[in-house]
Amino acid sequence: MSKTSRIQSKFLELDSKNEKALIAYTMVGYPNEKDTLTVIRGLIKGGADIIELGFPFSDPLADGLVIQNASTVSLDRGTNLAQFFRLVKKIRQESDIPLVLMTYTNILYHQNYEKFFKEIRDAGIDGVITPDMTIEESKEYLRAARKHSVDTIFLVSPNTDRKRLEKIIKMTTGFLYLVAVYGTTGVQNKIQQYTIDALKTTKKAANHKIPVGIGFGISTPEDAKRFIQQGADAVIVGSALIKLVEKTAPAKLENAVVSFTKKLKNTTKRG
Amino acid sequence: MTQRFPKDGRFGEFGGKYIPETLVPAIEELEENYLKIKNDSSFKKELNYYLTEYAGRPTPLYYAKNLTEKLGGAKIYLKREDLLHGGAHKINNTLGQALLAKRMKKRRIIAETGAGQHGVATAMACACLGLTSEVYMGYKDTIRQKLNVYRMNLLGSKVHPVKSGSQTLKDAINEAIRDWITNVKDTYYLLGSAVGPHPYPVMVRDFQSVIGKEIIQQMKKINKKTPDTVIACVGGGSNAIGTFYPLVDSDAEIIGVEAAGKGLKTEYHSATLSEGSKGVLHGMMTYLLQDKEGQIKETHSISAGLDYPGVGPEHAFLKDANRVIYRSATDKEVIDAFLLLTRTEGIIPALESSHAIAEAIKIAKSKPKSETIVITLSGRGDKDVEVVEEYVKNIKNSI
């Protein structure tokens, strides 16, 4: 990609400040259309560097209970792509923060990759994460994404071998997403040694050519801090934020999100 | 036309592997091990032993004389998979995969099940071969097929009712995949239909192809040629692909029958190939029942085993290649077929298999008496008698 993307610029900017990135995930249409924007405003105010917008799919097989439930609620409330585009437009009126769409292959495929990547680029989306898209199946997906300058963020796992890791890195732009655990999103264990090892291996393979973000099961500032100390370029927090939204009254939502986001963001600042 | 082992896992544009990265090493390990045992004579010998001595193969190809005379057309033969141990064709696949899992030193087996037949067949194979099994089953299905839940428990399998999504087969598959992602190192996912990421559609087809191979041999003895027509029901499509695959390069007319539920014009059916569009679900590119934004629809069929919004990718390929004709049968036609076969031949068919019988009833008369039709009777109907009783009662009440 010749032009520097919003995501790349963000990592460069943070780098110059000796900071790492906080990537915050929220579900479109959860808890409802109006409050999705409230949550996003809270994330931005709290200092999130990149926002991942989860678009609900009926069969989210990489997601744990928290995000499954949010998907179901969102779809039951009638969330559709028109609503997603309305939301992106509103965010773009207020902020230049990098936006990443996270959803499943069928949503993109059904719209036609070429058409959809153009539409999301025009709307102001900077990258996509598709947890059921493998590099083997990604030829047309990549072609369309490159043509419309949308970053393709692929996932790697602790059991991804070195050879494959290098292949995936070649196809990844924006940042590389390391899945921290054997499991779905939201699974919380004590941080395992295999995760720390995977982070080191992945960072080495990425060789400073692409930032490495780590996600799945990161729920507290302490978790985030540990991964930043171990060399992660970004920490990705999703289910913990959805849980916060789930238990907070609408009137207090923005402040609660700001406060939690600030705590997370502080861990990505050195010193 | 036949694709023995497509290297990239594609049947034309269908199939492939759309999976979370965590599963890629597991799928590659599976593919490698499957290729190893596929032509290994000791594996074949071992599988053949269990298929013969434990499951009861070969199954008869029974001439349904009374049904033939009643319909007054082509001669109808029933491939009696319902006589297998467990009461359905599912055991052909579970024995094959359980033996493979054992060779791969995986001791923990997980499976999904719709009507419960695959769950029961998995529990049986695992009990027989000394493996532990856990089965994911949609909560709704655990209620409408509670007898099978009890059978699985008796056989030592743990059943997990799945309460997410539509609480049926598709959600059970999602949950099994989530379990596999979490326990990928020591767990073998024993998929029950010819669906999912490569190599499952190929592997399940190969294990089920014993059905079609026996039909060819048996028909040769009876009639000195291959059947003129074969019919099988299609949900995910494992008994159908097992029946069709060995016959794809022959002259036989091949018909797959989907569940039209309350009618194709309604929202209540599972006729993926007749009414669906292309998409990606459960690791494969195939035809799907989905809404205008690619959300997967809830399906309906009187038979839990056909209640699935996707279909095996090889069926999608055979449809687009115009090699197999895919039709459908409504719940009402299925009940009529169920009752007719039960009364004329004294054989109670599964509601899934009754879809194939319904198609034979429609076409037999128009075919000359010199021709043969083979119906794969994929399972027995004991599990369905309550559902049928209910249906018949409701019809009587509404008249």
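Whatever comes next refers back to the structure up there.
On a predicted model such as this, the values are computed, not experimentally measured, just so you know.

Thoughts on the packing of aromatic side chains
Residue and element names in this part refer to chain A.
Step number 1: Taken as a whole and judged by the stated rule, the model has 19 aromatic pairs over all chains.
Step number 2: Between F55 and F84, the aromatic rings sit 5.9 Å apart at their centres with planes inclined by 70°, giving edge-to-face as the arrangement. Taken together, the residues F55 in the loop between β2 (50–54) and α3 (65–76) and F84 in helix α4 (residues 81–94) connect sequence positions 29 residues apart. A single burial state applies to F55 and to F84, both of which are buried.

Observations regarding the packing of helix α14 (residues 331–345) of chain B against helix α16 (residues 385–398) of chain B
Residues and elements named next belong to chain B.
Step number 1: Taken N-terminus to C-terminus, the directions of α14 and α16 make an angle of 115°; their axes are 11 Å apart at the nearest point. What the angle tells us is that α14 and α16 run roughly perpendicular. The hand of the α14/α16 crossing is left-handed. For the pair α14 and α16, the contacting residues are D331, K332, I335, F338 and L339 in the first and V388, Y391 and V392 in the second.

Description of the interface of chain B and chain A
Step number 1: With 37 residues of chain B at the contact, the number on the chain A side is 35 residues.
Step number 2: The junction of chain B with chain A conceals about 2900 Å² of combined surface from both sides, 51% of it contributed by carbon and sulfur atoms.
Step number 3: Looking only at chain B, the three residues that lose the most surface to chain A are E21(B), R178(B) and E293(B), adding up to 24% of its buried area.
Step number 4: Counting the contacts that link chain B with chain A gives 4 salt bridges.
Step number 5: The residue K170(B) makes a salt bridge to D59(A) at a minimum N-O spacing of 2.8 Å.
Step number 6: Connecting chain B to chain A are 22 residue pairs in polar contact (both at pLDDT 80 or more).
Step number 7: Among the elements of the structure, α1 (24–38), α8 (169–182), β11 (277–281) and β12 (284–288) of chain B are those that each provide at least two residues to the side of chain B that touches chain A.

Points about the environment of D233(A)
Residues and elements named next belong to chain A.
Step number 1: Relative to the assigned elements, D233 resides in the loop between α10 (221–229) and β9 (234–237).
Step number 2: For D233, a relative accessible area of 12% translates into the label buried.
Step number 3: Separated by 135 residues in the primary sequence, D233 and P98 place their C-alpha atoms 16 Å from one another.
Step number 4: D233 has contacts with F11, K20, A21, K203, I210, P211 and V212, leaving out every residue within four places of it along the chain.
Step number 5: Here K203 takes part through its side chain, which lies 3.1 Å from a polar atom of the side chain of D233.

Section: the pattern of salt bridges
Step number 1: What the rule picks out here adds up to 51 salt bridges over all chains.
Step number 2: Between D233(A) and K203(A) there is a salt bridge, with its nearest N and O atoms 3.1 Å apart. Residue D233(A) is found in the loop between α10 and β9, and its partner K203(A) is found in helix α9 (residues 193–206); the two are separated by 30 residues along the sequence.
Step number 3: In this structure, the salt-bridge partner of E214(B) is R57(B), at a minimum N-O distance of 2.9 Å. Here the residue E214(B) occupies a position in helix α10 (residues 210–223), and R57(B) occupies one in the loop between α2 (41–55) and β3 (61–63), the gap between them amounting to 157 residues.

Cut-offs and rules
- Starting afresh in each chain, residues are numbered from 1 along the sequence in its written order.
- To label them, take the chains in the order written and letter them from A, then take the ligands in the order written and number them from 1.
- Local features are withheld for residues below a pLDDT of 70 in this predicted model, meaning they are given only at 70 or higher, and side-chain atom pairs are given and counted only at 80 or more; totals for whole chains, interfaces and linings count all residues.
- For the side-chain quantities, the full set of heavy atoms in the structure was used; hydrogens and water were omitted.
- When the centres of two rings from Phe, Tyr and Trp lie within 6.5 Å, Trp using its six-membered ring, the rings pair. Their planes under 30 degrees apart give stacked, over 60 give edge-to-face, and anything left gives tilted.
- Elements are defined by DSSP. Helices are runs of H or I of four residues or more, strands are runs of E of two residues or more, and each kind is numbered from the N terminus.
- Partly exposed residues are those whose accessible area sits between 20% and 50% of the maximum for their type, while under 20% is buried and over 50% is exposed, using a 1.4 Å probe and protein chains only.
- Convention adopted: a line fitted to C-alpha atoms gives each axis, helices being fitted over their contacting stretch, and angles between N-to-C directions are expressed from 0 to 180 degrees.
- Any angle from 65 to 115 degrees is called roughly perpendicular, while one under 35 is roughly parallel, one over 145 is roughly antiparallel, and all others are oblique.
- Each helix crossing is assigned a hand: it is left-handed if the near helix lies turned anticlockwise from the far helix by less than a right angle, otherwise right-handed if that turn is clockwise.
- Working rule for contacts: check all heavy atoms of both residues, and any pair within 4.5 Å makes them a contact.
- As a working definition, buried area equals the accessible area (1.4 Å probe) given up by two parts on being put together, with both sides summed.
- The salt bridge definition used is simple: a Lys or Arg side-chain nitrogen within 4 Å of an Asp or Glu carboxyl oxygen.
- A 3.5 Å cut-off defines polar contacts: any pair of N or O atoms within that distance qualifies, except that in protein one atom must be a possible hydrogen donor and the other a possible acceptor, and neighbouring residues in sequence count only when both atoms are side-chain atoms.

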